[in-house]
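Observations on chain architecture
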Amino acid sequence: MQLIKILLYILPSLLTDSTLQSTVKKSTVLVCYGKIKPEYIKGYNYVILESLNFTSKEIKIIKAQNLKVFAYISLGEVNLHAPHYKVLKKHTIGKNENWDSYYLNLKSIKTQETLLSIVDKTLSKGFDGLFLDNIDNFTIYGPQKDQKKDLVNLLKKIKGVYPKKEFLQNAGLDLVPETLPYINAIVVESVSSGYSFKDKSYNLRDNNEFNNQLIRLKSINENSKIPVILIEYADSKKLFNQIVEKIKPSKFEYFIGNIDLQSIPKFKE
């Protein structure tokens, strides 16, 4: 299960100037689900935000300062605290105990209508596109593996309505042959880094595991002709630099941040 899901709908906090001063060299990608001032989001190629935290006016400001701005949406699960949870709670097929979220039933017309409505409302704010999470749920080992066709059909509908918008697929690499016509980039978390929720520690992946995943991603990148974006996690400048050294040869764009994803990243010495 993807780490990125844990912090949606958590009450955000504002950044301070001192927070910004403690950062190291920033990535070309920003993933942030907290509420931060638009003027602090500047100079990124990809920005991924929680749309509920920003107005259309603020999105316009952020777009003027960055290359592309995307909004988060989960097509596979609904969080207990999400605004649309009450609408879809009867259209779920089980609970993800690790993340306190519920698996959506994409075979339900109500589910599809609700998701399409969220897409419409979100994109109306002026985002360049959407960051699509939980796509791995629909792979052969996922809890919604029997809904793969329903997912692909939903992506087709969304792309049909918004052909000029861009869509970033998070994980679900096995589905790329089916989803490729409807996405513009692949995002993968924790290729070189990891995080243990048990002891709240950051770490580096085993070299063999890292190399095998990188080979696969390079193959997908070459064959699909779409970008691959890496999302990594670190808490110190030392680990940040170690991650950069590992992923730099790939030439993939990347984000390295704290596990809470609530602000522009900062790292301890």
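Residues numbered from 1 in each chain as written. Predicted model: local features only at pLDDT ≥ 70, side-chain atom pairs only at ≥ 80, totals over all residues. Heavy atoms only, no water.

**Concerning the sheet that holds strand β9 (residues 185–189)**
Spatially, eight strands are ordered β1-β2-β3-β7-β8-β9-β12-β13 in an open sheet, and the strand pairing comes out parallel. In this open sheet, the two strands that pair with only one neighbour each are β1 (29–32) and β13 (253–257). Averaged over all pairs of adjacent strands, the angle between strand axes in this sheet comes to 25°, irrespective of strand direction. Pairing geometry for strand β7 (residues 129–133) and strand β8 (residues 166–170), over four bridges, is parallel. The partner of leucine 130 across the bridge, within β8, is phenylalanine 167. Packed on one face of the sheet, helix α4 (residues 109–123) meets β3 (68–74) and β7 and runs near 155° to β3. (Pairing = 2+ DSSP bridges. Helix = DSSP H or I, 4+ residues; strand = E, 2+ residues; numbered from the N terminus. Axes fitted to C-alpha atoms, helices over the stretch in contact; angles between N-to-C directions. Contact = heavy atoms within 4.5 Å.)

**Structural notes on the pattern of salt bridges**
Applying the stated rule across the entire model yields 11 salt bridges. Between glutamate 166 and lysine 68 there is a salt bridge, with its nearest N and O atoms 3.0 Å apart. You can see glutamate 166 sitting in strand β8 and its partner lysine 68 sitting in strand β3, a full 98 residues away along the chain. For glutamate 166, a relative accessible area of 21% puts it in the partly exposed group. What makes lysine 68 partly exposed here is its relative accessible area of 24%. (Salt bridge = Lys/Arg side-chain N within 4 Å of Asp/Glu carboxyl O. Buried < 20%, exposed > 50% of the residue type's maximum accessible area, 1.4 Å probe, protein only.)

**Description of the sheet that holds strand β6 (residues 101–104)**
Picture the strands of a sheet paired through backbone hydrogen bonds; they go either parallel or antiparallel. One open sheet accounts for three strands, arranged β4-β6-β5; its pairing is antiparallel. Of all the strands in the sheet, the pair left with one neighbour each is β4 (77–79) and β5 (92–96). Neighbour-to-neighbour, the strand axes of the sheet open up by a mean angle of 30°, direction not taken into account. As judged from the three bridges shared by β5 and β6, these two strands associate in the antiparallel manner. Pairing of threonine 92 across the sheet is with leucine 104, part of β6.

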